[in-house]
Amino acid sequence: MPGSPFAWIDEQARARRRAGLVRTLRPRPADSALLDLAGNDYLGLARHPEVTAAAADAARTWGGGATGSRLVSGSTELHADLERELAAFCNFESALVFSSGYAANLAAVTALAPHGSLVVSDAGNHASLIDGCRLARGTTQVVAHADPEAVRKALQTHTGPAIAVSDTVFSVDGDAAPLAELAAACRASGAALLVDDAHGLGVLGDGGRGAARAAGLAGAPDVVATVTLSKSLGSQGGAVLGPAHVVDHLVNAARTFIFDTGLAPAAAGAALAALRLLRREPERAARARAVATALYERLTAAGLEAVRPDAAVVSVRAPSPEGALRWAADCRAAGLAVGCFRPPSVPDGVSRLRLTARADLTEAQIGRAVDVVTATR
Ligand code: PMP
C-alpha cells in the first residue's frame, strides 16, 4: 500500500514544531479590552463611525459583493470616485483599485516586467512584490537592502525595459527606502521605479499623502506607486497609482485585475470615507509618526533594542523565535496585543515584536504599552 500523499506535509509540520515556528489562527473578539498595537490601523479609522457607516451604506446600495470582474459588472461609482480621489490625494495622474494590496503588487510587477525585461528588487521587499517578480516574464535581480548603488549597477548593463521595485517603508523593521537616490539610479539608465507605499500612505508626507509625494516623485512619468486600503485607510483593498497610460495598460494586461472579482463596494465605500476624513483631518498622519517616535524612545530608554521608526511601525528585537512568541503571549495576557514576526517572515532570521503606532492612542495608552512590553521582556 502506498503511503499518504500528504506524508511530506506532516514531515514539514513536525520540522516546524521542532523549530518553534508553528502559526495558528486566533479569532479577535469584537469587544476586546485588549490595547491593539498588532493591527495596521495607523490612523485609528477602521472603527470610525463615518467609515463603518459608509461601508454599511455601500453594501445596502450596491450589495455585499462587487458581483464580477471590474471589466464586467464589478465597477461602481464608488470605485470610480475612490480612484479619482486617491490619485488626486497622492498627486498621481491616475489610479486603479484592486481587491487587495497584494493583488495590486502582483499586477504592477507582472504588467510592467514583460519578457526580456529586468526587475531589480530590494532584498527586504514585501512578499507580494517578491511574488510579483516570481510571476513576471522578465528576469529578477535581487539587490542588497536599501542600496541605490546596487540598483544603479544592476540596471547599467541591461538593454530593454527595466524597473526597480522597493517598499517605501519596510514592513518588518519600519525603516524607509532612500527614494530620491533610487529614482536617480533608475533615471541614470532610463528605468522605471515602482514603490510600494503600503506603510507610507496616510502616515508619510504632508497630511499623509504618501512617501512618493514626500520625495517629490508623485506624478513623475517614470514612477508608479502601489498602496493598500487596509492599513491607514482602515478598509480592505489596494491600488496602483501612476501615469494614465500605465494605468490603462494594467486595465488591459494585469491578470489580478482582469480575472479577479472587483473590490467589495463596502470596502470601496469605507476607504473613500477614510480618505475624505484624512483630507479633513491631516494632523492624524503627524500624530501617528509622533506616537511611533514616543514608543521607540521610551522602549529604548528602558534598554530594549528597537529600530528608529521612519513611519508608524516600531520593531523591537526579540531573543529568539520562541522568546518572541512567549513575549507576545505575555503581553497579550497583560492586555496588550503586539505583532510577532518570526522566520520565515523575517529573512534575516531575527525575530521581532512589532508595535503599530496609532494616531488615536492616548498618552496613557502609550505609557501602558511601554510598561507592558518592558515588564514582560
Ligand atoms: N505591501 C506591504 C509592504 C505590506 O505590508 C502589505 C500588507 N501586509 C501588502 C503589500 C499587502 O497589502 P494587502 O494586505 O492590502 O493585501
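About the cut-offs
Residues numbered from 1 in each chain as written. Predicted model: local features only at pLDDT ≥ 70, side-chain atom pairs only at ≥ 80, totals over all residues. UniProt positions renumbered as here; feature names shortened; annotations may be inferred. Helix = DSSP H or I, 4+ residues; strand = E, 2+ residues; numbered from the N terminus. Core = buried A, V, L, I, M, F, W, Y, C linked by C-beta atoms within 7 Å. Buried ≥ 20, exposed ≤ 12 C-beta atoms within 10 Å, placed from the backbone. Domains from an automatic or database assignment. Contact = placed C-beta atoms within 7 Å. Pairing = 2+ DSSP bridges. Near = placed C-beta within 6 Å. Nonpolar A, V, L, I, M, F, W, Y, C, P; charged D, E, K, R; others polar.

- In the nomenclature of an unreviewed UniProt entry, the protein is known as 8-amino-7-oxononanoate synthase of Streptomyces apricus.
- Under the UniProt heading Sequence similarities (unreviewed entry), the entry covering the protein gives this text: "Belongs to the class-II pyridoxal-phosphate-dependent aminotransferase family. BioF subfamily."
- Taken verbatim from the UniProt record of the protein, the Catalytic activity (unreviewed entry) comment is "6-carboxyhexanoyl-[ACP] + L-alanine + H(+) = (8S)-8-amino-7-oxononanoate + holo-[ACP] + CO2".

1. What about the UniProt feature "domain: Aminotransferase class I/classII large" (unreviewed entry) in the protein?
Then, in step 1: Per the UniProt record, "domain: Aminotransferase class I/classII large" (unreviewed entry) is found at residues 34-372.
Then, in step 2: Secondary structure content for residues 34-372 is 42% helix and 17% strand, and the end C-alpha separation is 12 Å.

2. Describing the nonpolar core
Then, in step 1: With 129 residues, the main nonpolar core has Ala107, Val109, Ala164, Ala239, Val240, Leu241 and Val338 as its most contacted residues.
Then, in step 2: Per-element tally for this core: the top contributor is helix H11 (residues 265-280), with 10 residues.
Then, in step 3: Per-domain counts for this core show at least three residues from each of domain 1 (27-45 + 282-375) and domain 2 (49-280).
Then, in step 4: With residues up to four places along the chain from it excluded, the contact list for Val240 reads Ala95, Leu96, Ala104, Ala107, Ala108, Val224, Thr226, Val247 and Leu250.

3. A few points about the pairing of strand S8 (residues 238-242)
Then, in step 1: For S8, a buried count of five out of five residues is recorded, marking the element as mostly surrounded by other parts of the structure.
Then, in step 2: In S8, alternate side chains face the same way, and those of Gly238, Val240 and Gly242 on one face and Ala239 and Leu241 on the other are all buried.
Then, in step 3: Looking at chain direction, strand S2 (residues 94-98) and S8 are connected through five bridges and run antiparallel. By the bridge assignment for S8, Ala95 is matched with Leu241.
Then, in step 4: Of the strand pairs in this sheet, strand S7 (residues 223-228) and S8 are connected by four bridges, and their pairing is antiparallel.

4. Comments concerning the site of the ligand
Then, in step 1: As a structural note, the neighbourhood of the ligand is formed by 14 residues, with Ser100, Gly101, Tyr102, Ala198 and Thr228 the closest of them.
Then, in step 2: Of the residues assigned to the shell around the ligand, the class counts are two nonpolar, 10 polar and two charged.

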